[in-house]
Structure formats: structure tokens, C-alpha cells
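Report on the structure
This is what each chain is made of:
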Amino acid sequence: MTTAPATASAPAALELIGLTRRYGTLAAVDDVGLRLPAGARHAVIGPNGAGKTTLLDLIAGDDRPDHGDILLDGLDITGTAPAARSRLGIARSFQQPAVITGLTVLENVVLAGWPHHPQRRGAWRSPKRYRQHVRSAEHHLEAVGLQDSAHRPAAALSHGHRRLLDLAAALAGRPRLLLLDEPAAGLTDNDIGRLLGVLAGLPESVSVILVEHHVEVVARFARTVTVLTAGRVLVTAPTRQALAHPEVRDAYRGTADGDEPTTARG
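Residues numbered from 1 in each chain as written. Predicted model: local features only at pLDDT ≥ 70, side-chain atom pairs only at ≥ 80, totals over all residues. Heavy atoms only, no water.

As for the overall build of the protein
The number of helices and strands found in the protein is 9 helices and 10 strands. With an accessible surface of roughly 12,000 Å², the protein has 50% of that area assigned to carbon and sulfur atoms. (Helix = DSSP H or I, 4+ residues; strand = E, 2+ residues; numbered from the N terminus. Areas by Shrake-Rupley, 256 points an atom, 1.4 Å probe, with all protein chains shown as cover.)

Things to note about the side chain of Ser207
Relative to the helices and strands, Ser207 resides in strand E8 (residues 207-211). Separated by 2.8 Å, the side chain of Ser207 and the backbone nitrogen of Gly39 make a polar contact. (Polar contact = N/O pair within 3.5 Å; in protein donor to acceptor, adjacent residues only side chain to side chain.)

Some details on the packing of helix H3 (residues 105-113) against helix H5 (residues 159-172)
Close contact between H3 and H5 brings their axes to 7 Å; oriented N to C, the two are set at 30 degrees. Comparing their axes, H5 and H3 come out roughly parallel. The handedness of the crossing between H3 and H5 is right-handed. In contact with Val105, Asn108, Val109, Ala112 and Gly113 of H3, H5 contributes Leu165, Ala168, Ala169 and Ala172. When its residues are assigned to classes, the contact of H3 with H5 shows 7 nonpolar, 2 polar and no charged. (Axes fitted to C-alpha atoms, helices over the stretch in contact; angles between N-to-C directions. Parallel < 35°, antiparallel > 145°, perpendicular 65-115°, else oblique. Left-handed = near helix turned anticlockwise from the far one by under 90°. Contact = heavy atoms within 4.5 Å. Nonpolar A, V, L, I, M, F, W, Y, C, P; charged D, E, K, R; others polar.)

Notes on the sheet that holds strand E2 (residues 26-36)
The strand order E2-E1-E4-E5 describes an open sheet built from 4 strands, whose pairing is antiparallel. Unpaired on one side and paired on the other, E2 and strand E5 (75-76) mark the two borders of the sheet. Direction of pairing for strand E4 (residues 67-72) relative to E5: antiparallel, over a ladder of 2 bridges. In the strand pairing of E5, Leu71 is matched with Asp76. Across the face of the sheet, helix H1 (residues 52-60) comes into contact with strand E1 (14-23), E2 and E4 while running at roughly 120 degrees to E1. (Pairing = 2+ DSSP bridges.)

Section: the layout of surface pockets
In this structure, the largest pocket occupies an estimated 450 Å³ of space. Of all the elements in the fold, those that place two or more residues in the lining of the largest pocket are helix H2 (82-87), strand E6 (90-92), H3 and H5. With 4 residues, the top contributor of residues to the lining of the largest pocket is H5. Partitioned by chemical class, the residues of the lining of the largest pocket number 14 nonpolar, 4 polar and 3 charged. (1 Å grid on protein atoms, 1.4 Å probe; cavity = no way out; pocket = protein on both sides within 12 Å on 5 of 7 lines; lining within 4 Å. Points joined across faces, edges and corners; volume = space filled by probe spheres on them.)

Notes on H1
Of all 9 residues that make up H1, 8 are buried, and the element is covered over most of its length. Within H1, burial applies to Lys52, Thr54, Leu55, Leu56, Asp57, Leu58, Ile59 and Ala60. Looking one or two residues past H1, Gly61 carries a phi angle of roughly 90 degrees, positive in sign. (Buried < 20%, exposed > 50% of the residue type's maximum accessible area, 1.4 Å probe, protein only.)

Details of the pattern of salt bridges
Taken as a whole and assessed by the stated rule, the structure comprises 10 salt bridges. Glu15 is the partner of Arg35 in a salt bridge, and the nearest nitrogen-oxygen pair spans 2.9 Å. Of this pair, Arg35 sits in strand E2 while Glu15 sits in strand E1, placing them 20 residues apart in sequence. Note on Glu15: relative accessible area 22%, which makes it partly exposed. Close ionic contact of Arg92 with Asp57 constitutes a salt bridge, the shortest N to O distance being 2.7 Å. (Salt bridge = Lys/Arg side-chain N within 4 Å of Asp/Glu carboxyl O.)

Notes on the nonpolar core
Ranked by internal contacts, the top residues of the largest apolar core, which has 49 residues, are Leu141, Leu165, Leu167, Leu178 and Val225. A total of 7 residues in this core trace back to one element, the largest contributor, which is H5. Setting aside its immediate chain neighbours within four residues, Leu165 contacts Val99, Val105, Asn108, Val109, Leu141, Leu146, Ala154 and Leu157. Within the second largest apolar cluster, 25 residues are counted, among which are Leu34, Ile90, Leu179 and Val211. (Core = buried A, V, L, I, M, F, W, Y, C linked by side-chain atoms within 4.5 Å.)

As for unusual backbone geometry
Here the phi dihedral of Asp73 falls at roughly 55 degrees; this positive angle occurs in a residue that is not glycine. Along the chain, the position of Asp73 falls in the loop between E4 and E5. Residue Asp73 is classed as partly exposed on the basis of its relative accessible area, which comes to 42%. For Glu182, which is not glycine, the phi torsion reads 50 degrees and is therefore positive. Topologically, Glu182 is positioned in the loop between strand E7 (177-181) and helix H6 (189-200).

Below you can see the structure in the form of C-alpha cells.
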């Protein structure tokens, strides 16, 4: 399995302290506390409306908390703009893939990686430097299995392949902290296998928070899991322990009592 190039930066440790985001009377994220070490492989699960995507929005800077703090390697980034967080090494994928349909698949990844590439200065005027950008983008496309679609318009991709392109674009940002919002949604079994291969091949220099409904993906990737319900943390624990929690089994198993959960619902 081809993997994305490792970033040279140290992995990021993340701490959330009393993080709260309200929309009127609704607490989408309610007093969430979480401490993840550098190199974490962490999943956040829960039913629809539990606050999972809002939590990623807060970490990425796409939304602001009403209360609480976000620390990256001890640095308070609570009020930091999304672009500045990106420069600090935070990258993400989205539930609805953020691809530019008017560009080719390869151009999407080149553009996503441009601000983070060490050879970006003057690259438009230097064919050699530009080729370095392109080779890096091609490597990320190969990692997610889209190398044969490199010169196709992004608009021509299926929804599942747009998700893989979104992941390649996030990896092109050379992240220290990677936030993935339901990357397996809409993928075929073969593409889920490819996704798991990409995640398994990520270097320890990349810390990962994965929001996912497919419990099989969570079980195979995550070392630790946080379960959210109604915006609050139900449990944070090692993966097997979290998935065996009675309330988690009730919410996700969809099977007879005693069976292990396989695929989350909702």
C-alpha cells in the first residue's frame, strides 16, 4: 500500500477544556473535555445530532465556542482563524466533500497542498519546482487510489471518489492533526478497504481524529474512542472498552443481545 509522505513536523497533542457551543437553547457541544496525546488515533462516535461535526468545526476553527478552550501543544488556539490553524498543521475533510468541480482531480490536490509545500515560493516561474508540487499531489492521489483519474474533471467523480479526493487534499496540507468527518460514507467495500489502508499507513507524525458511523472502520483504526450523546461525552476509553459500553451497544449494534456492533446507524 502506498502511503502519503510523512510530514517533518512533530505530531500535535490536543486538549479541549469545557468546550461548549450553543445555538439558541440547543447545546450542540456541551462542556466537552478531551486530552489526546501526540500521534493519537482517536474516533468520535454517536447518533445523528450528537455534536460530532460541530466538535470538528470547533477544532478546525470553522466555528467558535461559546465557552471553553482549545489547546494545540499547549498553545491556546481558541480564537485563532481557520487559515492560521491550517498553517499550524490542522487539516480536515468534510461530510460534503470540499472539491472544486471546475478543476481536475490533480489540480484540486496541487491547489490544496500549495500553501504548505516547502518549494512553493516562485514555483509558478520554476518548472522544476512546479513539477515537485505535481509529483507530491500525484503521490497523494496514488495513496487513495485515484491516480487513474488525475486528469479527469473533479465534477465527473462519484460521491465516494469525491470523498477520497477530499482526503487526498487534506493530506496534501502536510497535517500534524488530521480531522476526518465520516470519510467512509458512500464508499464501496473496495474503497473502504483502500481508506483503511491509507489510514493504517499514516505516519505517527500525524495525529488523527475520526468521526465515523461505520463501527468496523472505527474498530480497525482507532486506539481510543469518545462517545458523544446530546453534545456531551458519554465515555472516552480504549476502543474495545468504549464499543462494549452498554449504551453504545444499544445505540449501534442493530443486532441481537450479545453480538458485537458492526455498523452504526444514523
